Amino acid sequence: MPNDCNIRALWILNNLDAVVFSRRFPVVEKRWRAACQIENESSNDDPVKYTVFSSLPSDSELAAAFSERKKSREGSDSWVDDPITRHIIGLYTNKEEEGEDNLLWPLALHIKGPYCILILPLLEPRHVKANARLCKRSDCGNAVMAGEYLSSLLLDLPSITGAFMVAHAIGDIVTGDVVEPEVVVTASPSVGGLLDSLTGSIGISGISSRAKPVAAPVASSTPSGTAVIGALASDDPKIGSRLLDKDALRSFISSAMPFGTPLDLSYSNIFSIKLNGFSSVDMPPQDLKQPAWKPYLYKGKQRLLFTIYETLHAGMYDRDEIPDTLSVSGQINCRAELEGLPDVSFPLTGLNTAKIEALSFHPCAQVPEQNVDKQALMFSPPLGNFVLMRYQATCGLGPPVKGFYQLSIVSKPVDLEEPFSWHAYNYAKVSFKIVGASLSGMSVDPKSVSIYPAVKAPVELSTQVTSGDYILWNTLGNCPSAVSAKV
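Residues numbered from 1 in each chain as written. Predicted model: local features only at pLDDT ≥ 70, side-chain atom pairs only at ≥ 80, totals over all residues. Heavy atoms only, no water.

Asker: Account for helix H5 (residues 158-174), naming residues and giving values.
Answerer: A rise of 1.5 Å per residue sets the reference length of H5, with its 17 residues, at 24 Å; its end C-alpha atoms lie 24 Å apart and thus fit the reference within 8%. Ser159, Ile160, Gly162, Ala163, Val166, Ala167, Ala169, Ile170, Gly171, Ile173 and Val174 are the residues of H5 that are buried. Where H5 ends, the next residue or the one after it, glycine 176, has phi of about 80°, a positive value. (Helix = DSSP H or I, 4+ residues; strand = E, 2+ residues; numbered from the N terminus. Expected span 1.5 Å × (residues − 1). Buried < 20%, exposed > 50% of the residue type's maximum accessible area, 1.4 Å probe, protein only.)

Asker: Tell me about the packing of aromatic side chains, and name the residues and values.
Answerer: In total, this model carries seven aromatic pairs according to the counting rule given. Relative to phenylalanine 271, the ring of tyrosine 267 lies with its centre 6.3 Å away and its plane at 25°, an arrangement referred to as stacked. Highlighted residues: tyrosine 267 and phenylalanine 271, both in helix H7 (residues 267-276), separated by four residues, approximately one helical turn. Judged by its relative accessible area of 16%, tyrosine 267 is buried. Exposure remark for phenylalanine 271: the relative accessible area of 34% places this residue in the partly exposed category. When the centroid spacing of 6.2 Å and the interplanar angle of 80° are considered together, the rings of phenylalanine 346 and phenylalanine 379 count as edge-to-face. Here phenylalanine 346 is found in strand S12 (residues 343-349), whereas its partner phenylalanine 379 is found in strand S15 (residues 375-379), with 33 residues between them in sequence. For the pair phenylalanine 346 and phenylalanine 379, one class covers both residues: buried. A network of ring pairs unites the aromatic residues Phe306, Phe346, Phe379 and Phe386 as a single cluster. (Phe/Tyr/Trp six-rings, centres within 6.5 Å; stacked < 30°, edge-to-face > 60°.)

Asker: I'd like a rundown of H7, residues and numbers included.
Answerer: The set of residues buried in H7 consists of Tyr267, Ser268, Asn269 and Ile270. Taken from the residues just after H7, glycine 277 is the one with a positive phi, measuring 70°.

Asker: Describe in detail the nonpolar core, supporting the description with residues and values.
Answerer: With 41 residues, the main nonpolar core has Ile119, Ile170, Leu249 and Phe252 as its most contacted residues. For this core, the element with the most residues is H5, which contributes eight residues. When residues no more than four places from it in sequence are discounted, the contact partners of isoleucine 170 are Leu10, Ile12, Ile117, Ile119 and Leu249. Grouped together as the second largest cluster of nonpolar side chains are 26 residues, Leu304, Val344, Leu348 and Met442 included. (Core = buried A, V, L, I, M, F, W, Y, C linked by side-chain atoms within 4.5 Å. Contact = heavy atoms within 4.5 Å.)

Asker: Which residues make up the pairing of strand S4 (residues 103-112), and what are the values?
Answerer: Within S4, eight of the ten residues are buried, leaving the element largely enclosed by the surrounding structure. Pairing geometry for strand S3 (residues 88-92) and S4, over four bridges, is antiparallel. Bridge pairing links tyrosine 92 to leucine 103 in S4. Alignment of S4 against strand S5 (residues 115-121), held across five bridges, turns out to be antiparallel. Bridged to leucine 109 within S5 is leucine 118. Hairpin connection, S4 to S5: the antiparallel pair is bridged by two residues, and glycine 113 has positive phi, about 65°. (Pairing = 2+ DSSP bridges.)

What follows is the structure in structure tokens.
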């Protein structure tokens, strides 16, 4: 976990904006009250003043504030011109008074299934004041025109990163999505089929587009060979689809983040510890410190597996006035079947040339400096499958599937509810899977992977690209678009 990460409180709301679970951490809240008292006493001349409530808002007060924010953006910071406000929000818990002292901020918002998870991390009061100054500026903290904005304020705070990690871990538990990330095993380095599957789906069945999608060539540095032959099974339990298990959630929180301090958010680790306990064979050498994310030591045949998963989102408009959009969200999954507590390092090829827009790493990784290609990444791997790194990037190779969609309606269409358009005939959605290539340029060279202390362990790499929201908008219909900012 990031250093100095503490959580004041957390809430889980259902799709009716009702709080179904909440947890407050009095030890952390006591630190917050003491810090606010010191800050208020030392800044009597500061025009931006804050008083701290003796307690956090009740569940009903927070639910009402959250519902009010969804109805109207007025009274919250959601109008600030910064993309991070989609995930960092503030709530006024008392609408009768519009002072900043009633603002509960920052709340990390994570939506998973029918639930909204809100995490309130501990910050220094000066950070809350900095946010208030940004919201009072005439440019609303614009990320393009100003040097100080919410992203620069929040992204450097480890408590914000930790809050999102807590939110994602809890979201996986309440929805039953606690399986380990998949790591694919290949018989040999392979490209496989360019398109293992290609299907087109549109809003109204029985209507086809004017031209079929055409597959564009995808470059790959790996030789042709056999395709994927299997995947490693997960060792951790599956909760399954059921109602919110509050007892399981309380047990996880008390073990993973005692007193509001996150230690290990791996559900499989927590489950294994509760089920198996510890024995003398699990003890590491006396000269080594065993990290929280590796409660047990591996014994057996050694090997190191990497899998790069990428999801491609696209908006294809076939219009001169609207440029096509392509974005890649990816992650590097890893499974390190290595004995002891070794360190693994390798140069992350393509980190600069891949035009990475956002990066996040597993707590076991030592994050490299940015803006340098072929950065050396070092990590002490946990037991089992884990996500070593997540990233957002632009697609450097262009669209793998090109096409356009045209449909003219001669009669009044049926009004249907669709998530991406006003009428179902306005778009076609393409689905595909590419094995053996990376559209962002991100790569791991198995020959450059180093393990210390040195052991003889084979290193395998596999890659896979799947389509996300890959939309062909109807050239003759309506389509959503946004004007690009001119810098």
